Amino acid sequence: VCNRVVAGGACLDGRARKMARGKLLLMTGGYDHTVRFWEVQSGLCVRTLQFPDSPINMLRVSPDKRWLAVAGLPHIRLFKNDGQSNGHTHQP
């Protein structure tokens with residue numbers, strides 16, 4: 001866990017995460033196997049989530065915003081909105 005973001009994807013500590021709750025977040029994922037949650041107003045990364053299976057090809061949020069689907073060949077994993085894996089994996 002990092003203390004502060006600037007550029008490059010490092011993330012904030014737990015206090016900053018609590019402050020970011022309830023704010024508009026943007027999620028990104030890429031070839032470094034990491035989902036990043038960015039606080040839109042400040043541009044700070046407030047959380048990261050590792051996707052060890054492969055590079056990330058797609059992110060989708062459920063309509064009720066309770067789930068995040070992360071896809072990379074050959075897996076799709078579902079995560080609860082708190083960033084913790086719920087163990088559901090689909091391999092086509």
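That block above? That's the structure.
Figured I'd write up the structure that's included with this text. All residue numbers refer to positions counted from 1 along the written sequence of the respective chain. For a predicted model such as this one, the threshold for reporting local features is a pLDDT of at least 70, and the threshold for listing and counting side-chain atom pairs is 80 or more; totals across whole chains, interfaces and linings nevertheless cover every residue. To get the side-chain values, take all heavy atoms of the structure and skip hydrogens and water.

**Some points on the overall build of the protein**
Threshold: Counting from the N terminus, the helices are DSSP H or I runs at least four residues long and the strands are E runs at least two residues long. To sort residues, take the accessible area from a 1.4 Å probe on protein chains only and compare it with the maximum for the residue type: under 20% means buried, over 50% means exposed, and anything in between is partly exposed. The criterion used for residue contact is that any of the two residues' heavy atoms lie within 4.5 Å.
The helix and strand tally for the protein stands at one helix and seven strands. Taken from N to C terminus, the helices and strands of the protein fall in the order α-β-β-β-β-β-β-β. For the protein, with 92 residues in total, the buried portion stands at 34%. Intrachain contacts of the protein at a sequence separation of at least 6 include 27% that bridge at least 24 residues.

**A short note on the sheet that holds strand E2 (residues 34-39)**
Where we set the bar: Strand pairing is defined by DSSP finding a minimum of two bridges between the two strands. Only the stretch in contact is used when a helix axis is fitted, and all axes are lines through C-alpha atoms; the angle between N-to-C directions ranges over 0 to 180 degrees.
With antiparallel pairing, three strands are arranged side by side in an open sheet as E1-E2-E3. The two strands at the open ends of the sheet, each matched to only one other strand, are strand E1 (25-29) and strand E3 (44-50). When strand polarity is set aside, the average angle formed by the axes of neighbouring strands in this sheet is 20°. Judged from the six bridges that link them, E2 and E3 form a sheet pairing that is antiparallel. Paired with Glu39 across the strands is Leu44, a residue of E3.

**Things to note about the environment of Ser62**
Which entries qualify depends on this criterion: Between N or O atoms, a polar contact is any pair within 3.5 Å; within protein, one atom must be a potential hydrogen donor and the other a potential acceptor, and residues adjacent in sequence are included only when both atoms are from side chains.
Mapped onto the elements of the fold, Ser62 is located in the loop between strand E4 (58-61) and strand E5 (67-72). Put simply, Ser62 and Asn81 are 19 residues apart on the chain and 9.5 Å apart in space, counted from C-alpha to C-alpha. A polar contact is formed between the side chain of Ser62 and the side chain of Asp64, at a distance of 2.5 Å.

**Description of unusual backbone geometry**
In this structure, the amide linkage connecting Leu73 to the following residue, Pro74, adopts the cis form with an omega of 0°. By the element assignment, Pro74 lies in the loop between E5 and strand E6 (75-80). For Lys65, which is not glycine, the phi torsion reads 65° and is therefore positive. Secondary-structure assignment places Lys65 in the loop between E4 and E5.

**Quick look at the pairing of E2**
Burial runs high along E2: six of the six residues are buried. Alternating positions in E2 separate into two faces, Thr34, Arg36 and Trp38 on one and Val35, Phe37 and Glu39 on the other, with burial throughout. With five bridges connecting them, E1 and E2 associate as antiparallel partners. Paired with Leu26 across the two strands is Trp38, which belongs to E2. Counted between consecutive antiparallel strands, the loop separating E1 from E2 contains four residues, among which His33 sits at a positive phi close to 65°. Between E2 and E3, which follow one another and run antiparallel, lie four residues, and Gly43 among them has a positive phi close to 80°.

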